[in-house]
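A structural walkthrough
Each chain, written out:
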Amino acid sequence: MRYSGFRIIKEALTGHKGWGPAWRNPEPKKSYDIIIIGGGGHGLATAHYLASQFGESSIAVLEKGWIGGGNVGRNTTIIRSNYLLDGNEPFYEFSLKLWEGLEQDLNYNAMVSQRGVLNLFHSDAQRDAYRRRGNAMMLHGADAQLLDADQVRAECPFLDFDNARFPIKGGLAQRRGGTVRHDAVAWGYARAADSRGVDIIQNCEVTGFRIKEGRVQGVETSKGFIGARKVGCAVAGSSGAVMAKAGLRLPIESHVLQAFVSEGLKPLIPGVVTFGAGHFYVSQSDKGGLVFGGDIDGYNSYAQRGNLPVVEDVCEGGMAIMPMIGRARLLRMWGGVMDMSMDGSPIIDRTDIKGLYFNGGWCYGGFKATPASGWCFAHLLSTDKPHETATAYRFDRFQRGAMIDEKGVGAQPNLH
Ligand SMILES: Cc1cc2nc3c(=O)[nH]c(=O)nc-3n(C[C@H](O)[C@H](O)[C@H](O)COP(=O)(O)OP(=O)(O)OC[C@H]3O[C@@H](n4cnc5c(N)ncnc54)[C@H](O)[C@@H]3O)c2cc1C
């Protein structure tokens with residue numbers, strides 16, 4: 001069923017009896033050409049593009065819980081392509097372009113809102129670094145604009161410009177960045193993939209791999225064995241645990257990241273604003289809540305909840321740039337499990353086991369990557385070649401010392 005304004009009017013006049021379920025609830029078949037493990041944003045996007053762009057027709061997505069229950073429904077909804085390094089910028093710009101056409105592609109209202117992303121800077125050295133980043137972005141065809149303090153003040157008068165420790169001297173703006181309703185992304189991709197015949201099987205945990213003579217035969221699951229010619233793993237925070245079942249040890253650690261939402265306030269924040277001297281970022285949801293976050297908790301965990309020291313740290317960051325946030329009451333907070341790679345950049349690659357592919361290491365920036373990650377993973381799964389924007393995302397970069405160290409903090413996952 002196509003969603004449209006006409007359809008809403010028709011349903012409103014006929015008692016809303018014509019709406020069907022957005023996707024089926026099938027039982028698994030004996031085997032598929034391609035199995036995707038993980039029904040998060042990346043797994044569902046991969047399935048959608050496999051069917052819509054690469055002509056694959058026998059696909060299943062296996063999800064141990066429910067669609068949207070992982071990080072895709074837990075993140076702070078920010079999309080952007082403001083990266084510096086060659087290995088990253090073309091990929092994230094490709095992703096932003098896909099976001100721009102996503103709702104038409106999926107026929108689904110994902111509330112893509114290009115309200116802009118503004119990174120504040122607080123020193124001359126930081127301004128120079130942001131100028132360099134903006135130039136790198138523009139060289140790759142992305143948009144970037146360096147603002148001085150007065151220009152920032154005109155857009156965000158509520159910021160504390162004269163903070164003695166972190167005075168705001170300007171910002172790097174990407175106007176095409178913004179926010180997208182996160183769980184609608186999972187639902188939109190699920191509905192579109194299902195309409196092309198992809199079986200989305202919820203409550204189906206992958207518990208092991210069947211591997212014979214170095215080639216994957218299929219997966220063991222809580223619903224029994226399911227055969228496959230190719231298996232793609234896209235389980236984000238569970239990457240290490242799932243790939244260990246195939247005997248692989250990844251250059252990835254699992255860490256907790258928290259998100260926070262305040263009570264609803266009148267419209268105040270025009271886009272996404274990030275603090276440049278600490279880790280704090282904020283936007284305002286359509287319901288009025290301030291949506292904000294900061295650093296990972298800093299220890300390895302699979303718990304989807306965090307601890308109070310980081311709550312304090314994030315709130316201190318908020319108070320440093322917008323003290324009035326101290327008057328708002330915190331309504332909700334939660335945690336998600338991050339797949340932190342050693343250099344803070346992702347991996348989309350084959351493994352040494354024939355027919356087994358991996359997508360992960362998204363750290364806390366994988367939501368904005370969802371469309372490109374799905375497209376590039378589908379490209380790899382279908383053609384066995386990396387997509388041109390994802391050639392740097394290989395396992396062997398750690399062996400070759402060719403890390404994509406966007407933050408410049410070295411091989412320390414907890415610092416990225
Ligand atoms: C608090 C928070 C804030 C964030 N903010 C942003 C942001 O503003 N911008 C941004 O770009 N990124 C952000 N991120 C990161 C982003 O959400 C993730 O990088 C991205 O969602 C990960 O990909 P995914 O959607 O496929 O993951 P998930 O939704 O976690 O999908 C993985 C799925 O695999 C399933 N799974 C695990 N093990 C198995 C198994 N054995 N069998 C079957 N299924 C299994 C899980 O149940 C899960 O549903 C944030 C993350 C968090 C937690």
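In this report, we go over the structure that sits alongside the text. (Residues numbered from 1 in each chain as written. Predicted model: local features only at pLDDT ≥ 70, side-chain atom pairs only at ≥ 80, totals over all residues. Heavy atoms only, no water.)

**Quick word on the nonpolar core**
Ranked by internal contacts, the top residues of the largest apolar core, which has 51 residues, are Leu-44, Tyr-49, Phe-91, Trp-99, Tyr-189, Val-198 and Ile-348. Mapped onto this core, the elements with two or more residues apiece are strand S1 (31-37), helix H2 (41-53), strand S2 (59-62), helix H3 (89-100), helix H4 (102-106), helix H7 (182-195) and helix H10 (370-383). Sequence-distant contacts of Phe-91, defined by excluding residues within four places in its chain, comprise Ile-348, Trp-362, Ala-369, Ala-372, Ser-373, Cys-376, Thr-389, Ala-390 and Tyr-393. Judged by nonpolar contacts, the second largest core, of 26 residues, contains Leu-120, Phe-161, Ile-269 and Val-273. (Core = buried A, V, L, I, M, F, W, Y, C linked by side-chain atoms within 4.5 Å. Buried < 20%, exposed > 50% of the residue type's maximum accessible area, 1.4 Å probe, protein only. Helix = DSSP H or I, 4+ residues; strand = E, 2+ residues; numbered from the N terminus. Contact = heavy atoms within 4.5 Å.)

**Some remarks on the site of the ligand**
With respect to spatial proximity, 36 residues lie near the ligand, and among them Glu-63, Asn-71, Val-72, Thr-76 and Lys-368 are the closest. Gly-365 places a main-chain nitrogen or oxygen 3.1 Å from an oxygen atom of the ligand. Gly-366 is positioned such that a nitrogen or oxygen atom in its backbone is 3.0 Å from an oxygen atom of the ligand. Protein chains bury 96% of the 1,000 Å² of accessible surface belonging to the ligand in isolation. Within the residue set of the shell around the ligand, elements represented by two or more residues are H2, strand S12 (252-264) and strand S16 (330-341). Examining the composition of the shell around the ligand, we find that three residues originate from one element, S12, more than from any other. When the residues that make up the shell around the ligand are grouped by side-chain class, the tally is 17 nonpolar, 14 polar and five charged. Counting only domains with at least three residues in the shell around the ligand, you end up with domain 1 (5-9 + 23-78 + 84-93 + 100-105 + 182-251 + 343-415) and domain 2 (114-175 + 253-341). (Near = heavy atom within 4 Å. Polar contact = N/O pair within 3.5 Å; in protein donor to acceptor, adjacent residues only side chain to side chain. Areas by Shrake-Rupley, 256 points an atom, 1.4 Å probe, with all protein chains shown as cover. Nonpolar A, V, L, I, M, F, W, Y, C, P; charged D, E, K, R; others polar. Domains from an automatic or database assignment.)

**Quick word on the packing of aromatic side chains**
A complete count under the given rule lists 15 aromatic pairs for this structure. The ring of Tyr-3 has Arg-191 sitting right over it, with the charged end atom 3.6 Å from the ring centre. Sitting over the ring of Phe-225, Arg-210 keeps its end group 3.6 Å from the ring centre. (Phe/Tyr/Trp six-rings, centres within 6.5 Å; stacked < 30°, edge-to-face > 60°. Lys NZ or Arg CZ within 6 Å of the ring centre and 35° of its normal.)

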